Amino acid sequence: MLATLRRIIDAVDRAPALDAALAVVVREVKQAIGADVCSVYLTDANRREHVLMATDGLPPDSVGRVRISLHRGLIGRAAERADIVNLDDAHTHACYLAITDSGEEPFHGFLGVPIIQHRRVLGVLVLRRRMARRFEDDEVTFVVTLAVQLAAAIALARGSGELARLQQPGLPSHFLEGIAAAPGVGMGTGFVVYAPADLDAVPDKPAADPEAEVRDFRGAVAGVAEDIARLAERMGGTLRDEDQALFDAWRLMLESESFVADTIQRIRAGSWAQGALRATVADLLAEFDRVDDPYLRERGADVRDLGRQVLLRLQHGAAPQADYPAQTVLVGDEVSAMEIAAVPRPSLAGIVSRRGSASSHVAILARGMGVPAAVGVLELPVSRLEGCSMIVDGYRGRVYVEPSPTVAAEYRRLAAEERAFSAELEALRGLPSETTDGFALPLYLNTGLVVEQRPLGIDESAGVGLYRTELPFMVRDRFPGEETQRRHYRQVLATFAPRPVTIRTLDVGGDKPLPYFPVHESNPFLGWRGIRITRDHPEIFMTQVRAMLRAAVGLDNLQILLPMITSVDELDDALDSIQRACDELQEEGHAVRLPPVGVMIEVPAAVYQADVLARRVSFLSVGTNDLTQYLLAVDRNNARVAALYDELHPAVLRALKQVTDAARAHGREVTVCGELAGDPRATPLLLGLGVHSLSMGAGSLLRVKGVVRSISRTRARELLGRALLCERGACVRALLMDALEEIGLGGLVRPGR
Ligand code: PEP
Ligand code: MG
């Protein structure tokens, strides 16, 4: 049986198109099992029916003609329950549905096996026999195994639009589901990017003339550096400063000791340049691989990309010039930041990547450039999309391939509406963030993740609500000293003064380890991270706090925020240390002042002790990113469980309610600095909860302000009351969407239809 199974699977793989693959399956399975009929029904969700797509045993003209409503008959039962139906006599079953002209009448034995991909039922594989006898266990397992393989081929055909064309050429197009990475609607022609040079394929070879190889290598590095400089220049003005900094990061990486010197050393030790480069990149990637942090992992992808670019130069002398369509939808298994930057901005209509998450560089860049993007589109048939007409719905993370004229017309209308809507948002610049009944909700900026000279949103924000200090620690090869840190913090404080700047103490560990401070743990998110590390290493904590206090001298706009607090002891120790640092500095003659100190509420323990924590500090800041992952036990970086990660889950809302109530009881202010704060849908809820401010990425400031200025606090409270009664995140979302539509701001989170 195994050999037969392999043979059929191979034949399915080799089939040029889905209908050919299905023809192979029905013929071969019928024969292998010795059944009288084998058929495949595929589900057409648009028409809510299962369509007979291939058969061996029923009249050939029933293909495409026999259609069964979604939940009817034995096929509907197998699909609906996503379970096997194995009957000795189908005719006697209550669900049996006699279909005239289907030719099924003489058959009694029935086996229906659902074809499932990623929990979605794509169709049903059906076997029939004349005799009234159930199918044997090994026959059933054979069909189940095959159905799993078939699911992948069907999913691919769905992705390329082939299935929709086979099922119903005139119907609205099927779409592929991914993660919404950058809002907007992009329409254009698929342009597939793929690895230009395959580092893994480079063989080992000795260097015939090491010095000549060194010269070639240096030339290739210089060539790539020039490419980057050209791209940076081309992008100048269209990118935010923080995104522009990516180019500097690439250049630094390209010209770093570990990249250049290590490769040259390998060449001088006898390897040819390409082999030496491969080994250097592999070493660097191994280092990045040991790290779980998404930002650092992205840097790993950058190293691989740079390695490929240098290899391409070594192999061919110069990078080829691509011929981009006028409206390019950039498509790839993994689209790199350099590949995005290479497309002339006016031609770039959208970005679609099979891999990636909302926090990957491709998403950050796309948002920065205002290019609609969908990432993590798992069923994306990358190799078939070159030259295809495509639509990227960056609001929902959907991708349409070869859309029907109706769908295309609808999206053209939405794109036009969106252009008008963006112009309206711009008009909010400089206006106060105030509800219609006069309640001010200051909006602060989250910053610190990327090197930035002058963060975007400076003029729009009330200050910095969260300055993450991890980056200055990550980009070095040792802990930065007090003076280095002081200069760094001073720059941020001075940029925003007199507005407050909340600087968070080091939150490394867990998913953000430092390259020079390796921590190997089997469960890092529950391990040594944030305050746990700095509490165990007072010298690191004291240095950082001293640097912050000194940086604020004369400006006095510093607030200190403590991450990952789980217990009162951690907080008390940290507060003692801050007091001690302040006393010491004053004794040393520095004019430092004790700043307001706050705690992050980002683990469930802190929610339940929000009252006792609030008593000890000046303010609470809710980190909904971690709070959601810890409350729901869903790794915030794991694409496999991404669908379960829900910041609007009723449990998260109740936690927020508990925190705001506790803070109010102690007269303390609460801010929210997780991603939820920048989600316009959540704004009414956060207003209703009575949070005092929100802190978010620059791109969200105007969107959130738009909601604040369109709603009253009374209405927000009423919405919150209803949201708190919801039992599911979906119910909360629907409620909030309706509320946004009602105030005419539905376009903030989805195209207006
Ligand atoms: C959070 O957890 O919500 C937060 C703001 O911190 P970070 O994303 O840096 O973990
Ligand atoms: Mg956090």
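So, how was this worked out
- Residues numbered from 1 in each chain as written.
- Chains lettered and ligands numbered in written order.
- Predicted model: local features only at pLDDT ≥ 70, side-chain atom pairs only at ≥ 80, totals over all residues.
- Heavy atoms only, no water.
- Donors = N, O, S within 2.8 Å, 3.2 Å for Na, K, Ca; no water.
- Helix = DSSP H or I, 4+ residues; strand = E, 2+ residues; numbered from the N terminus.
- Buried < 20%, exposed > 50% of the residue type's maximum accessible area, 1.4 Å probe, protein only.
- Polar contact = N/O pair within 3.5 Å; in protein donor to acceptor, adjacent residues only side chain to side chain.
- Contact = heavy atoms within 4.5 Å.
- Pairing = 2+ DSSP bridges.
- Right-handed = clockwise from strand over helix to strand, strands pointing away.
- Expected span 1.5 Å × (residues − 1).
- Arc of directions from axis to C-beta.
- Axes fitted to C-alpha atoms, helices over the stretch in contact; angles between N-to-C directions.
- Parallel < 35°, antiparallel > 145°, perpendicular 65-115°, else oblique.
- Left-handed = near helix turned anticlockwise from the far one by under 90°.
- Nonpolar A, V, L, I, M, F, W, Y, C, P; charged D, E, K, R; others polar.
- Near = heavy atom within 4 Å.

A. Spotlight on the coordination of the magnesium ion (ligand 2). Binding of the magnesium ion (ligand 2) to the protein goes through E602 (OE) and D626 (OD), at separations of 2.0 to 2.1 Å. A residue pair is termed long-range when its members are at least 10 positions apart, and E602 in the loop between strand 19 (597–601) and helix 19 (604–608) and D626 in helix 21 (residues 624–632) qualify at 24 residues. You'll find E602 and D626 in the same group, each marked buried.

B. Region of the structure containing the side chain of D626. D626 sits in the buried class, given a relative accessible area of 3%. For D626, the side chain forms a polar contact with the side chain of R529, separated by 3.1 Å. If we skip the residues at most four places from it in the chain, D626 touches R529, E602 and R636.

C. Structural view of the pairing of strand 22 (residues 693–696). Taking every second residue as pointing to the same face, both faces of strand 22 are buried, with S693 and S695 on one and L694 and M696 on the other. In this structure, strand 15 (residues 443–447) lies alongside strand 22, joined through 3 bridges in parallel fashion. By the bridge assignment for strand 22, L443 is matched with L694. Relative to strand 22, strand 21 (residues 669–672) is paired through 2 bridges, and the arrangement is parallel. In the strand pairing of strand 22, T671 is matched with S693. Regarding topology, helix 23 (residues 683–689) serves as the crossover connection from strand 21 to the parallel strand 22, and that connection is right-handed.

D. Representation of helix 1 (residues 2–14) within the structure. With 13 residues, helix 1 should cover 18 Å at 1.5 Å per step; its first-to-last C-alpha distance of 18 Å lies within 8% of that length. Residues L5, I8, I9, A11 and V12 constitute the buried set of helix 1. The buried residues of helix 1 occupy one face: seen down the axis, they fall within an arc of 160°. Turned more than 90 degrees away from the buried face of helix 1 sit L2, A3, R6, D13 and R14, all of them exposed.

E. Layout of the packing of helix 21 against helix 22 (residues 650–665). Where helix 21 meets helix 22, the closest approach of the two axes is 10 Å, and the angle between their N-to-C directions is 125°. In terms of orientation, helix 21 and helix 22 fall into the oblique class. Crossing angle aside, the handedness with which helix 21 passes helix 22 is right-handed. From helix 21, T624, L627, T628 and L631 reach across to helix 22, where they touch A651, V652, A655 and L656. Across the contact of helix 21 with helix 22, the residue classes tally to 6 nonpolar, 2 polar and no charged.

F. Structural view of the site of ligand 1. Near ligand 1 there are 15 residues, and of these R468, R504, G623, N625 and R636 occur at the shortest range. R504 has a polar side-chain atom sitting 2.9 Å from an oxygen atom of ligand 1. With respect to ligand 1, the backbone of T624 contributes an N or O atom lying 3.1 Å from an oxygen atom. Looking at the shell around ligand 1, the element that brings in the most residues is helix 21, giving 3 residues. Here the residues of the shell around ligand 1 are counted per class, giving 3 nonpolar, 4 polar and 8 charged.

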